[in-house]
Amino acid sequence: GEVWVAEVGDERSQLASFLKAAAPRGEGGGLVRAPMPGLVLRVEVEVGQPVGRGSGLVVLEAMKMENEIRAPGPGRVKAVLVKAGETVEKGSPLVELGAEG
């Protein structure tokens, strides 16, 4: 006589949901952090480079998938805090963005 609600998903859809929920929101800079542990495959920006909302910053490999970490809003790269080949934990700072200009 009880009703139970369940959602079933595969690994890929669960990871996509996690990434969407963990994506930083807003504009004006700040730290962009790793949404999950993984291996840094590529750093796609350099210090001083302007970026727009959604611009690729870093590519992480996690769960045998490549995940592009994107800018939450427009800004300018103040610091790149990781390099290719480095392993990062969830929440590790990857890139610091400053306000545009």
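See the structure above.
To keep things clear, this report deals only with the structure shown in the data block. Every residue gets a number counted from 1 within its own chain, in the order that chain's sequence is written. In keeping with the predicted nature of the model, local features appear solely for residues at pLDDT of at least 70, side-chain atom pairs appear and are counted solely at 80 or more, and the whole-chain, interface and lining totals rest on all residues. The basis for every side-chain value is the complete set of heavy atoms in the structure, and neither hydrogens nor water enter the calculation.

### Structural notes on the sheet that holds strand 8 (residues 93-98)
Line of reasoning, step 1. Strand order in the open sheet formed by four strands is 1-8-6-3, and the pairing between neighbours is antiparallel. In this open sheet, the two strands that pair with only one neighbour each are strand 1 (30-33) and strand 3 (50-51).
Line of reasoning, step 2. Each pair of strands is called paired provided DSSP finds at least two bridges between the two strands. Secondary structure elements are taken from DSSP: a helix is a run of H or I of four residues or more, a strand is a run of E of two residues or more, and numbering for both begins at the N terminus. Examined bridge by bridge, strand 1 and strand 8 share four bridges and lie antiparallel to one another. Bridge pairing links Gly30 to Leu97 in strand 8.

### Comments concerning the environment of Arg53
Line of reasoning, step 1. For Arg53, the position within the fold is in the loop between strand 3 and strand 4 (56-62).
Line of reasoning, step 2. Note: C-alpha distance between Arg53 and Gly75 (22 residues apart in sequence) is 8.1 Å.
Line of reasoning, step 3. A distance of 3.0 Å separates the side chain of Arg53 from the backbone oxygen of Pro72, its partner in a polar contact. Polar contacts, as used here, are pairs of N or O atoms within 3.5 Å; protein pairs need one atom able to donate a hydrogen and one able to accept it. Residues neighboring in sequence count only if both atoms are side-chain atoms.

### Section: the nonpolar core
Line of reasoning, step 1. Nonpolar core, defined: a set of buried Ala, Val, Leu, Ile, Met, Phe, Trp, Tyr and Cys residues in which side-chain atoms within 4.5 Å join the residues together. The cut-offs for exposure are 20% and 50% of the maximum accessible area for each residue type, with area from a 1.4 Å probe on protein chains only; residues under the lower value are buried, those over the upper are exposed, and the others partly exposed. The biggest cluster of nonpolar side chains holds 19 residues, and the ones touching the most others in it are Leu57, Val58, Leu60, Leu94 and Val95.
Line of reasoning, step 2. Listing elements by their share of this core, those giving two or more residues are strand 4 and strand 8.
Line of reasoning, step 3. Per-element accounting of this core gives the leading share, four residues, to strand 4.
Line of reasoning, step 4. Ignoring any residue separated from it by four or fewer positions in sequence, one finds Leu94 in contact with Val32, Arg33, Ala34, Val58, Ile69, Val80, Leu81, Val82 and Val88. Note on definitions: a residue-residue contact is assigned when non-hydrogen atoms from the two residues lie within 4.5 Å.

### Focus: the side chain of Asn67
Line of reasoning, step 1. Note on placement: Asn67 falls in strand 5 (residues 65-70).
Line of reasoning, step 2. A relative accessible area of 6% places Asn67 in the buried class.
Line of reasoning, step 3. A polar atom in the side chain of Asn67 sits 3.2 Å from the backbone oxygen of Met65.

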